[in-house]
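# Analysis of the macromolecular model
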Amino acid sequence: MSLRRYDTVCLLRPEEVPPSHPSLRVISVFNPGVAQVGDSVWLLVRVAEACAETRAGFIGLPRYTPDTSELTIDWLPESAVEPIDPRVVRIRDGFIRLTFVSHLRLVKLDRTGKRVEWVSPTPTFLPQTPWETYGVEDPRITYLEGTYYFTYVAVSPHGACTALASTHDFVNFTRHGIIFPPENKDVLLFPEKIGGEYVALHRPNPNTHFHAPEMWLAYSPDLIRWGRHQPLYGGGRNWENDRVGGSTVPIRVPQGWLEIYHSNQKTTDGVGVGVYTASAMLMDAENPAKVLAVSQKPILVPEAEFEREGFVPNVVFPTGMVLHEDRALIYYGTADTCTGVVELSLQEILESL
Ligand code: MAN
């Protein structure tokens, strides 16, 4: 049993967001970065788009050109492509391609944090560099020393890595480059320095499978140079058998740092993407390398129809959390298709540990 939900809202569906280009159609609006801006909550949602046109016997795979952000569709004969799952195909040369490209779009919510007020009609943050040609994905926003920083997954033939950008107004952005090389995702910056250093959670995806991918910790003097890497939490329970990764930017509560992380459970036959759930973790306030507790059971599991059905079924994937007194509003991607918000009790999250 997961935690009691005080509210569940599907905030945004693909059909509510206009495509960025006449050759593309929106398949998903999900995995939003979350920022508290004054009294409101702003989201940078990931918009994934596939080729709008169909050509008999061919598959169209989109990508961007560096510098110009121009879109190209590569038309490959279907016979040269082997589908792996809805997100990826294998090309005859043995390498894979995504079936879509992703950019980020600004969405403003009203004061309740549970209703959409405005969706940017055009992309807010488009792929631009050689390491973003297949997309920019899954931003996590941390308000740090007066600036909104966000990490995002940069995807290209070079791999899936994590880059850093910052903004003051969500109109003008500064790119700070790659901070964790491929393959590394789920990078979250703590909202303040600890012991004089910046701290990040990250999740390397090793190819030598001694263990399922784990959450790691790293430290930096300047947000760019990261070191003293160390494994933090490896999961190990049955609902965590395929991987664990950080989900929301840690929030300081009296007991320490509260993190919501995600877990993936693969089915025993290994077929399909499996089930994504979310759990809570508490880290020591002065030394986040010390995990004080994790939830006894997942606090959020796919239940609602929009969490169970979609591009990738059975996924709840939190990417941001805002506290309103005792209530935690958790923003999350659902079934790799929509953006939702769920309201839980902070007290009950802490009691789950
Ligand atoms: C996985 C998933 C997708 C993502 C790709 C590339 O397949 O996380 O959502 O688009 O990796 O990062």
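Keep in mind the model is a prediction, meaning the values are calculated, not measured.

On to the nonpolar core, then. Soluble, globular proteins show a tendency: their nonpolar side chains are buried together. Counting 22 residues, the largest nonpolar core has Leu-258, Ile-260, Ile-299 and Ile-349 as the members making the most contacts within it. Listed by contribution, the elements that provide at least two residues to this core are strand E20 (251-253), strand E21 (256-265), strand E22 (275-283), strand E24 (316-324), strand E25 (327-334), strand E26 (338-345) and helix H2 (346-351). With sequence-adjacent residues up to four places away left out, Ile-349 is seen in contact with Leu-3, Leu-258, Ile-260, Ala-280, Ile-299, Ala-328, Ile-330 and Leu-344.

For the rest of this paragraph, the subject is the pattern of salt bridges. Applying the stated criterion to the full structure yields 23 salt bridges. Note that Asp-7 and Lys-114 form a salt bridge whose closest N and O atoms lie 2.9 Å from each other. Separated by 107 residues along the polypeptide, Asp-7 in strand E1 (residues 7-12) and Lys-114 in the loop between strand E9 (101-109) and strand E10 (116-119) bring together distant segments of the chain. Of the charged contacts in the structure, one is a salt bridge between Asp-186 and Arg-140, with a shortest N-O distance of 3.2 Å. Pair noted here: Asp-186 is in strand E15 (residues 184-189) and Arg-140 is in strand E11 (residues 135-144), with a separation of 46 residues, a long-range link. Each of the two residues, Asp-186 as well as Arg-140, counts as buried.

Moving on, we get to the environment of Ser-20. Considering the arrangement of structural elements, one finds Ser-20 in the loop between E1 and strand E2 (24-37). Note: C-alpha distance between Ser-20 and Phe-190 (170 residues apart in sequence) is 32 Å.

What surrounds the ligand is the set Arg-46, Arg-87, Leu-98, Phe-100, Glu-137, Val-155 and Lys-185. In this structure, an oxygen atom belonging to the ligand sits 2.7 Å away from a side-chain N or O atom of Glu-137. Within the side chain of Lys-185, an N or O atom sits 2.9 Å from an oxygen atom of the ligand. Against a free-state accessible area of 310 Å², the protein chains account for coverage of 80% of the ligand. Among the residues making up the shell around the ligand, the classes are represented as three nonpolar, no polar and four charged.

For the rest of this paragraph, the subject is the environment of Arg-92. Structurally, the position occupied by Arg-92 is in the loop between strand E7 (88-91) and strand E8 (96-98). It is 7.8 Å that separates the C-alpha atoms of Arg-92 and Glu-82, two residues lying ten residues apart in sequence.

Pairing within the open sheet is antiparallel, and its four strands lie in the order E1-E26-E25-E24. The outermost strands of the open sheet, each flanked by one partner alone, are E1 and E24. Shown here is a sheet whose adjacent strand axes are inclined to one another by a mean of 25 degrees, direction ignored. Examined bridge by bridge, E1 and E26 share five bridges and lie antiparallel to one another.

So, how was this worked out
- Residues numbered from 1 in each chain as written.
- Predicted model: local features only at pLDDT ≥ 70, side-chain atom pairs only at ≥ 80, totals over all residues.
- Heavy atoms only, no water.
- Core = buried A, V, L, I, M, F, W, Y, C linked by side-chain atoms within 4.5 Å.
- Buried < 20%, exposed > 50% of the residue type's maximum accessible area, 1.4 Å probe, protein only.
- Helix = DSSP H or I, 4+ residues; strand = E, 2+ residues; numbered from the N terminus.
- Contact = heavy atoms within 4.5 Å.
- Salt bridge = Lys/Arg side-chain N within 4 Å of Asp/Glu carboxyl O.
- Near = heavy atom within 4 Å.
- Polar contact = N/O pair within 3.5 Å; in protein donor to acceptor, adjacent residues only side chain to side chain.
- Areas by Shrake-Rupley, 256 points an atom, 1.4 Å probe, with all protein chains shown as cover.
- Nonpolar A, V, L, I, M, F, W, Y, C, P; charged D, E, K, R; others polar.
- Pairing = 2+ DSSP bridges.
- Axes fitted to C-alpha atoms, helices over the stretch in contact; angles between N-to-C directions.

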